[in-house]
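Take a look at the letters that make up each chain.
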Amino acid sequence: MSSPITRASKLMLMGLLPFSFFMQSSHTLLAQTAEKKASTQSISVDKRFEKELQAIAKKSAVKKALKTVEELEPQTIKDHVLLTEIPAPPFKEQARGKQYAAMLKAAGADSVWTDEVGNVIAKRRGRTGAKTVVLDAHLDTVFPEGTVVTVKQRGDTLFAPGIMDDTRGLAVVLTILRALEKNNIETESDVLFIGTVGEEGLGDLRGVKYLFRENGPKIDSYIAVDGGGLERITYIGLGSLRYRVTFKGPGGHSWGAFGTANPHHALGRAIHYFNTEADAFTKEGIRTSYNVGIVGGGTSVNSIPFESWMEVDMRSESPNRLEGIAQILKASVQKALQEENQLKRRGPSLDVAVDLIGERPSGATDPTSPLVQRSLAATSYFNVKPSLITGSTNSNIPISKGVPAVTVGVGGVGGGAHSLDEWWINDKGHLSIQRTLLLLLSEADIAR
């Protein structure tokens, strides 16, 4: 399989991609590769699970199902394009969810419904139903309402916002259901095929959080389909905290009200103090990151703002480190507030609010657990060296609840995720579907 950079370079030479796009994608992919290598764990596959996987793959019905995946390639691409062209902005996934529910029902699920937050759930009953295994991809994209999502094809490349993340995952889940139904393959466990809402950004994993609510459905293991290539297995949930910090004051004319406490000045101080302390904090220990991603406020150049705000993202594999950097943020904000109020010459003092707007818990699935071992065995079956990595995905929630969970890649080759130039190439994309099918049959216990 050609590397994404090699494929992109070929497209550039063919005149299908601009040089600037190639360079941007290449730098992004190289950065992702470096990050992945830094977080990849080398875990050997237990021979028991290799034998289990090989025995499943040798079954006549499973051989036919793997062949069916290849035969369904045109339908899978058709589904992929159809779903991509249905907008699914943050908190507005209803139209895509309605279509996905109809497709899951037509594929043969025993029952299909949409829950209170918008998750589309299709149940395929097992013989005993003693366990419940989830196979999930997320419905939402990062793109705001009004974004043009028409799929354009140039050569073998599909271009559209959301074409890879995670619309391809939805198509993978759907094809697996079709392959099981067409070949009358039964499992002992119940399987829930789910299109979840709210995975991206300020959606804050609300779909999967709702699945794991108190008195929610019983779920024994969780497989999410999201992200890059065939080798990826995310088993560590990268935790994150996101805050919106808002300074408020009386505002006024830049000349006439001069001396009034200024929210922008306070925000600038807060960013400076936070950056200084957080920089030192993150230079040692378990990897932790921070970012002031958005700032806003003010009305005009000659007005003292009455409000100034920022949104801050912090991430770490360690809950303790995450809490540590959050405390640095809060202390920096209070220091900035106190100093700005001390400088004022007139009028009331500033107030500040620090609001939590996003929380993704961290944690890890034991690499020796059956689910992770089966993921490794299913990937190795296709002569691909698996990479165990850290990521922020729907799996964060079940992992934090003590439920075994992994996120596997959608396959093919893609790039430009979360950009208007997102692209995907069906470079042996069926292998990822076959890998995930074998993993599901192993975890859900194919009926003997």
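Structure: see above.
Figured I'd write up the structure that's included with this text. The structure displayed is predicted, hence computed values, not measured ones.

### Some thoughts on the nonpolar core
- By size, the foremost hydrophobic cluster in this structure holds 65 residues, and its most contacted members are Tyr100, Ile176, Phe193, Ile223 and Leu440.
- Examining the composition of this core, we find that eight residues originate from one element, helix α7 (residues 167-182), more than from any other.
- With near-sequence residues (within four places) excluded, isoleucine 223 lies in contact with Val133, Val134, Leu135, Asp136, Leu371, Val406, Val408, Leu439, Leu440 and Glu443.
- By size, the runner-up hydrophobic cluster in this structure holds 23 residues, among which are Ala266, Leu267, Ala270 and Ala336.

### Concerning the packing of helix α9 (residues 263-281) against helix α10 (residues 319-343)
- For the pair α9 and α10, the least separation of the axes is 8 Å and the interaxial angle reads 145°. For the pair α9 and α10, the crossing hand works out as right-handed. Note on element contacts: α10 touches α9 through Arg321, Gly324, Ile325, Ile328, Leu329, Ser332, Val333, Lys335, Ala336, Glu339, Glu340 and Leu343, opposite His265, Ala266, Arg269, Ala270, Tyr273, Phe274, Glu277, Ala278 and Phe281.
- Class assignment of the residues belonging to the contact of α9 with α10 gives a composition of 12 nonpolar, three polar and six charged.

### Things to note about the sheet that holds strand β11 (residues 288-297)
- An order of β11-β13-β9-β14 is seen for the four strands of this open sheet, with the pairing classed as antiparallel. The two strands at the open ends of the sheet, each matched to only one other strand, are β11 and β14 (351-360). This sheet shows a mean twist of 15° between the axes of neighbouring strands, independent of strand direction.
- Alignment of strand β9 (residues 239-248) against strand β13 (residues 307-316), held across 10 bridges, turns out to be antiparallel. Note on β13: the bridge partner recorded for glycine 239 is serine 316.
- Contacts from α10 reach β9, β11, β13 and β14 within the one sheet, and its direction differs from that of β9 by about 10°.

### Points about the pairing of strand β2 (residues 120-124)
- Counting buried positions over the five residues of β2 gives four, a clear majority of the element.
- Where strand β1 (residues 111-114) meets β2, four bridges bridge the pair, whose relative direction is antiparallel. In the strand pairing of β2, serine 111 is matched with lysine 123.
- Hairpin remark: β1 followed by β2, antiparallel, with five residues in the connecting loop; positive phi at glycine 118, about 115°.
- Where β2 meets strand β6 (residues 190-196), five bridges bridge the pair, whose relative direction is antiparallel.

### Some points on the pairing of strand β16 (residues 387-391)
- In terms of burial, β16 is a largely internal element, five of the five residues being buried.
- Both faces of β16 are covered, namely the face carrying Ser387, Ile389 and Gly391 and the face carrying Leu388 and Thr390.
- The pairing of strand β8 (residues 232-237) with β16 spans five bridges and is parallel. Residue isoleucine 233 lies in a different strand from β16, and its bridge partner there is leucine 388.

### Some thoughts on the packing of aromatic side chains
- Under the criterion given, the structure shown has three aromatic pairs.
- Measuring from ring centre to ring centre gives 5.9 Å for phenylalanine 212 and tyrosine 222, while their planes differ by 50°; the resulting arrangement is tilted. In this pair, phenylalanine 212 sits in the loop between α8 (206-211) and β7 (221-225) while tyrosine 222 sits in strand β7, placing the two residues 10 residues apart along the sequence.
- Here phenylalanine 212 falls in the buried class, since its relative accessible area comes to 13%.
- When the ring of phenylalanine 274 is compared with that of tyrosine 290, the centres are 5.4 Å apart and the planes differ by 70°; the resulting orientation is edge-to-face. Of this pair, phenylalanine 274 sits in helix α9 while tyrosine 290 sits in strand β11, and the two are 16 residues apart along the sequence.
- Tyrosine 290 gets classed as partly exposed once you look at its relative accessible area, which sits at 22%.
- Positioned above the aromatic ring of tyrosine 210 is the side chain of arginine 213, whose terminal nitrogen or guanidinium carbon lies 3.9 Å from the ring centre.
- The ring of tyrosine 273 is capped by lysine 335, whose NZ or CZ atom sits 4.2 Å from the centre of that ring.

Parameters and conventions
Residues numbered from 1 in each chain as written. Predicted model: local features only at pLDDT ≥ 70, side-chain atom pairs only at ≥ 80, totals over all residues. Heavy atoms only, no water. Core = buried A, V, L, I, M, F, W, Y, C linked by side-chain atoms within 4.5 Å. Buried < 20%, exposed > 50% of the residue type's maximum accessible area, 1.4 Å probe, protein only. Helix = DSSP H or I, 4+ residues; strand = E, 2+ residues; numbered from the N terminus. Contact = heavy atoms within 4.5 Å. Axes fitted to C-alpha atoms, helices over the stretch in contact; angles between N-to-C directions. Left-handed = near helix turned anticlockwise from the far one by under 90°. Nonpolar A, V, L, I, M, F, W, Y, C, P; charged D, E, K, R; others polar. Pairing = 2+ DSSP bridges. Phe/Tyr/Trp six-rings, centres within 6.5 Å; stacked < 30°, edge-to-face > 60°. Lys NZ or Arg CZ within 6 Å of the ring centre and 35° of its normal.

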